[in-house]
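Here are the chains, one letter per residue:
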Amino acid sequence: MEVTKVTNATRNFKIGELETHALRGVNLSVNTGEFTALVGPSGSGKTTLLQLIGLLDLPTSGQVFINGREATGLSRDQRADLRKQTIGFIFQFFALIPTLTAYENVELPLLLNGIKPAERHSRVSAMIEAVGLSDRSHHRPDQLSGGEQQRIAVARALSIKPSLVLADEPTANLDTENGKQVMDIMQKLNRETGVTFIFATHDPRVIKYAQRVVTLRDGMIVDDNGKSK
Ligand code: ADP
Ligand code: MG
C-alpha cells in the first residue's frame, strides 16, 4: 500500500527579489514497509521534500498524499490532525523538550492524541525498552548523551504507531558508533513493526542501510533505485 505520494511538486521560496526553486517537479511514491534514503548534496531539496511529506509545509504547485488523503485539500486543522496521528519525526538536533524527562518526551505525542493512561504507559515503556534505554527513563535530555537523546527521539517518533517516520539527517550530530546504534535501531524497528521510514542523509555509512535510495539534485529526483511500480 502507498503511504505517501508526491506528484509534480514544486516549492519556491521568495525572499525579496530572490526566488529559490527548492523543488522543481518531484514525483515520488513510497509503499508501506519501505526503508528509503533521500540523498543528494546540501541544498538539493531533501529537507524541503521531507517538510512537504510531513505536512509541515505545502507545495507551491503539485500534490502531496498521506494514506491517500491530499494535503492541499485539507484544512489547516485537518492537516495537523493527520500529521499527529500518522507521522513521526526525527530531527538532526534531536528536538527533545529539555524540561521533560525521557519518559515524558516519549509520552507527549500520545497525550496529544488522547491515548488513555494505561495504554500510554505500556506503549511508552515498550518503546523506551525497544531503544535500550529503560534505565534512563527519568533522565532529562541534558543528562543524556547525544546518541541516547536521538534514541529517545526515535522512541517518541514511533510511540504513536505512525504510518510513516521521517528522519532528517538523523546521525549528522553523532559520532560513528552512536550513529550506527541509531541506524541499527531504526532498521530493527522497520523490520519488526513494518513501519515505513524515509530518512535524508549524505553520509555513505547511513546510505548503506537503505533498501531504496532516491537521489535529489537541484530540486529534482535524478536517480531512484527502487521506484514503486
Ligand atoms: P537540503 O536539505 O538538501 O540541504 P533544502 O531543502 O534545505 O536542501 O534546501 C533546498 C534549497 O531551498 C536551498 O537552496 C535552500 O537555500 C532553499 N530553502 C530552503 N528552505 C528555505 C526557506 N525557508 N526560505 C528560503 N529558501 C529556502
Ligand atoms: Mg537538509
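Presented here is an overview of the structure given in this document. Predicted model, so just to flag it, every value in this text is computed and none were measured. Every chain is numbered on its own, with residues counted from 1 as its sequence reads. All chains are assigned letters beginning at A, and all ligands numbers beginning at 1, according to the order in which they are written. Local features in this predicted model are restricted to residues of pLDDT 70 or higher, and side-chain atom pairs are both shown and tallied only at a pLDDT of 80 or more, whereas totals for entire chains, interfaces and linings draw on every residue. Excluding hydrogens and water, the side-chain values take into account all heavy atoms of the structure.

1. Quick look at the packing of aromatic side chains
The description of two aromatic rings rests on the distance between their centres and on the angle between their planes.
Right, on to step 1. Working definition: a ring pair exists when centres of Phe, Tyr or Trp rings (six-membered ring for Trp) sit within 6.5 Å. Plane angles under 30 degrees give stacked, over 60 give edge-to-face, the rest tilted. According to the stated counting rule, one finds three aromatic pairs in the structure shown.
Right, on to step 2. Relative to Phe199, the ring of Phe35 has its centre 5.0 Å away and its plane inclined at 55°; by these criteria the two rings are tilted. Of this pair, Phe35 sits in strand E3 (residues 35-39) while Phe199 sits in strand E8 (residues 196-200), and the two are 164 residues apart along the sequence. With respect to class, Phe35 is no different from Phe199; both count as buried.
Right, on to step 3. Here a set of aromatic residues connected by ring pairs shows up, and it is made of Phe35, Phe197 and Phe199.
Right, on to step 4. Positioned above the aromatic ring of Phe65 is the side chain of Lys5, whose terminal nitrogen or guanidinium carbon lies 4.9 Å from the ring centre. The secondary structure listing takes helices from DSSP runs of H or I that are at least 4 residues long and strands from runs of E that are at least 2 residues long, numbered from the N terminus. The buried label goes to any residue with under 20% of its type's maximum accessible area, the exposed label to any with over 50%, and the partly exposed label to all in between, with areas taken from a 1.4 Å probe on protein chains only. Only Lys NZ and Arg CZ are tested; either one counts as a charge over a ring when it is within 6 Å of the ring centre and within 35 degrees of the ring normal.

2. What to know about the sheet that holds strand E1 (residues 2-15)
Right, on to step 1. Following DSSP output, two strands are said to pair if at least two bridges run between them. The four strands are arranged E2-E1-E4-E5 in an open sheet whose pairing can be described as antiparallel. Looking at which strands have only one partner, the edges of the open sheet turn out to be strand E2 (18-31) and strand E5 (69-70).
Right, on to step 2. Note: strand E4 (residues 61-66) against E5, two bridges, orientation antiparallel. Counterpart to Phe65 in the pairing with E5 is Glu70.
Right, on to step 3. Strands E1, E2 and E4 of the sheet are contacted by helix H1 (residues 46-53), whose axis makes an angle of about 60° with E2. Any two residues whose heavy atoms approach within 4.5 Å at even a single point are treated as in contact. Lines fitted to the C-alpha atoms define the axes, with helices restricted to the stretch that makes contact. Angles between their N-to-C directions range from 0 to 180 degrees.

3. Quick notes on the site of ligand 1
Right, on to step 1. Definition of nearness: a residue and a molecule or strand are near each other if at least one heavy atom of the residue lies within 4 Å of the molecule or strand. By nearness alone, every residue bordering ligand 1 is listed as Phe13, Ile15, Thr20, Ala22, Pro41, Ser42, Gly43, Ser44, Gly45, Lys46, Thr47 and Thr48.
Right, on to step 2. The separation between an oxygen atom of ligand 1 and a polar main-chain atom of Gly45 is 3.0 Å.
Right, on to step 3. Residue assignment for the shell around ligand 1 shows that the elements contributing at least two residues are E1, E2 and H1.
Right, on to step 4. Top contributing element to the shell around ligand 1 by residue count: H1, with three residues.
Right, on to step 5. Asp, Glu, Lys and Arg are counted as charged, while Ala, Val, Leu, Ile, Met, Phe, Trp, Tyr, Cys and Pro are counted as nonpolar; the rest, among them Gly, fall into the polar class. Looking at the shell around ligand 1 residue by residue, the class counts come to four nonpolar, seven polar and one charged. Any N or O atom pair separated by 3.5 Å or less is treated as a polar contact, with the protein-specific requirement of one donor-capable and one acceptor-capable atom, and with residues adjacent in sequence counted only for side-chain atom pairs.

4. Quick look at the packing of helix H5 (residues 146-159) against helix H6 (residues 176-193)
Geometry of a packed helix pair, given as the angle between the helix axes and the separation of the axes.
Right, on to step 1. Close contact between H5 and H6 brings their axes to 9 Å; oriented N to C, the two are set at 20°. Classed by the angle they form, the pair H5 and H6 counts as roughly parallel. Read as a crossing pair, H5 and H6 show a hand that is right-handed. Here H5 contributes Gly147, Gln150, Arg151, Val154 and Leu158 to the contact with H6, which in turn contributes Asn178, Gln181, Val182, Ile185, Met186 and Leu189.
Right, on to step 2. Broken down by class, the residue content of the contact of H5 with H6 amounts to six nonpolar, four polar and one charged. Oblique is the label for every angle not falling under 35 degrees (roughly parallel), over 145 degrees (roughly antiparallel), or within 65 to 115 degrees (roughly perpendicular). What makes a crossing left-handed is the near helix being turned counterclockwise from the far one by less than a right angle; a clockwise turn instead makes it right-handed.

5. Here we look at the pairing of strand E9 (residues 212-217)
Right, on to step 1. Burial of E9 is extensive: five of the six residues sit out of reach of the surface.
Right, on to step 2. Inspection of the sheet shows E3 paired to E9 by four bridges, in the parallel sense. Looking at E9, one finds that Thr36 is bridged to Arg212.
Right, on to step 3. Here E9 runs beside strand E10 (residues 220-224); their pairing, made up of four bridges, is antiparallel. Residue Thr215 lies in a different strand from E10, and its bridge partner there is Asp223.
Right, on to step 4. Counted between consecutive antiparallel strands, the loop separating E9 from E10 contains two residues, among which Asp218 sits at a positive phi close to 50°.

6. Topic: the sheet that holds E9
Right, on to step 1. With mixed pairing, the six strands of this open sheet are ordered in space as E6-E7-E8-E3-E9-E10. Two strands bound the open sheet, and with one partner strand each, they are strand E6 (87-90) and E10. Direction aside, neighbouring strands of the sheet carry axes that sit 20° apart on average.
Right, on to step 2. Contacts between H5 and the sheet are confined to E6, strand E7 (164-168) and E8, with E6 contributing the most and set at about 170° to the helix.

7. Details of the environment of Ala157
Right, on to step 1. With respect to the helices and strands, Ala157 occurs in helix H5.
Right, on to step 2. Sequence separation of Ala157 and Thr48 is 109 residues, and the distance between their C-alpha atoms is 19 Å.
Right, on to step 3. Contact partners of Ala157, with chain neighbours within four places excluded, come to Gly88, Phe89, Ile90, Pro162 and Val165.

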